[in-house]
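Observations on the model geometry
For reference, the chains in residue letters:
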Amino acid sequence: MHIGASTANLYPMNTEDALDALLRLGFRELEVFVNTESEIAPSFLRQLKESIQAAGARVVSLHPYISGSEPYILYSAYERRYRDGLDIYARLFEAASYLGAGLVVMHGDKAEGVLPVEESIARFEGVSDLGRTYGVTLAQENVVRFRASDNAYIAAMRRQLGPKAAFVFDLKQCRRCGHRPEDVVAAMGSALVHVHISDHDTTHDCLMPGAGTMDYGPLFARLLHQQFSGSVMLELYRSNYEAETELISGRKYLETVLHDEEIRFRDGHT
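Notes on the structure in this doc start here. (Residues numbered from 1 in each chain as written. Predicted model: local features only at pLDDT ≥ 70, side-chain atom pairs only at ≥ 80, totals over all residues. Heavy atoms only, no water.)

Some thoughts on the pattern of salt bridges
Inclusion rule: A pairing counts as a salt bridge when a side-chain nitrogen of Lys or Arg comes within 4 Å of a carboxyl oxygen of Asp or Glu. The helix and strand labels rest on DSSP assignments: H or I over at least four residues marks a helix, E over at least two residues marks a strand, and numbering proceeds from the N terminus. Only protein chains enter the accessibility calculation, which uses a 1.4 Å probe. A residue is then buried if its area is under 20% of the maximum for its type, exposed if over 50%, and partly exposed in between.
The tally for this structure, following the rule as stated, stands at 14 salt bridges. Here Arg83 makes a salt bridge to Glu79, at a shortest N to O gap of 3.0 Å. Taken together, the residues Arg83 and Glu79, both in helix α4 (residues 79-99) and 4 residues apart, mark about one turn of the helix. Looking at Glu79, the relative accessible area reads 41%, which means it is partly exposed. Note that Arg147 is salt-bridged to Asp109, the shortest N-O span being 2.7 Å. Of the two residues, Arg147 is situated in the loop between β5 (137-141) and α6 (151-161) and Asp109 in the loop between β4 (103-106) and α5 (117-133); the sequence distance between them amounts to 38 residues. Linked by salt bridges that have partners in common, Glu125, Asp129 and Lys164 make up one network.

A closer look at the pairing of strand β6 (residues 167-170)
What counts, and what does not: DSSP-based pairing: two strands are paired if at least 2 bridges between them are found. When the strands point away from the viewer and the path from the first strand over the helix to the second turns clockwise, the crossover is right-handed.
Of the two faces of β6, the one lined by Phe167 and Phe169 and the one lined by Val168 and Asp170 are each fully buried. Two strands pair when backbone bridges link them, and β5 and β6 are joined in this way by 2 bridges, in the parallel orientation. The partner of Gln140 across the bridge, within β6, is Phe167. With α6 bridging β5 and its parallel neighbour β6, the resulting β-α-β unit is right-handed. Across 4 bridges, the pairing between β6 and strand β7 (residues 192-197) is parallel. Residue pairing across strands places Phe167 opposite Leu192, the latter belonging to β7.

Some remarks on helix α9 (residues 216-225)
For clarity, the threshold we go by: Throughout, the arc means that of the directions going from the helix axis to the C-beta atoms. By the convention used here, residues are in contact when the closest approach between their heavy atoms is within 4.5 Å. As used in this structure description, the phrase polar contact means that two N or O atoms lie within 3.5 Å; if the pair is within protein, one of them must be able to donate a hydrogen and the other to accept it, and residues adjacent in sequence are counted only when both atoms belong to side chains.
Of the residues making up α9, those classed as buried are Tyr216, Gly217, Leu219, Phe220, Leu223 and Leu224. All buried residues of α9 lie within an arc of 165° about the axis, which places them on one face of the element. Among the exposed residues of α9, those pointing more than 90 degrees away from its buried face are Pro218 and His225. The inward-facing, buried residues of α9 contact β6, α7 (171-176), α8 (181-188), β7, β8 (231-234) and α10 (246-268). Between a side-chain oxygen at the N-terminus of α9 and the backbone nitrogen of Gly217 the separation is 3.2 Å; the capping residue is Asp215. Phi for Gln227, located one or two positions after α9, is positive at around 60°.

This is the structure in structure tokens:
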């Protein structure tokens, strides 16, 4: 398990500048949030890749800019739009593959989606199958106001998709949905492949780790118990902290807690 950061932490800074900033701050495990179509053009991706390789870093995941439009593009009753949407995702998967990212994050169907659950999940499967042809896994995130905000939908995805199911657990979204982290993580189970992390208190649902009241020990313990081996990405909004250097303190805080839990986990299995 490694602690990294998303370029989304620095939005609306240009993506290439946000990437360079994270590299300067010492992050080597990265999620790239592409914010517009031109940012998956070959020349732009080449620029990003050169920076990544020069720093000895790696991109774990790509988050597409069309997340808010996915219900309209991929999950409407108009199937031809879904077919055209696959072409959009083909370009995204190709971009992810070029950057070396094994994951693409999806928000998916909206909570009040018009499709039956089985058909909604089948749409995800179609996009997922396309991703696999590029060597990329499509991972469903638990975002409020989307269908995967419901643990029952997550469970249905696991049943219907089997080994194709893959999930991103987002802590702030979990809080916004009114769920307990342990319940969402348990619903995702062994299909959990990626984590977005932040902190919170009684009045703020997204803060820098260490600035709120979140006890990360039980969360990391559960992830270790589930044999989670993916990345834990800092993902906040730029309004949630002041200085960019706070991202370093947030990472170090999490690394300390994770180290302690890893020792407890090993001791309990010796």
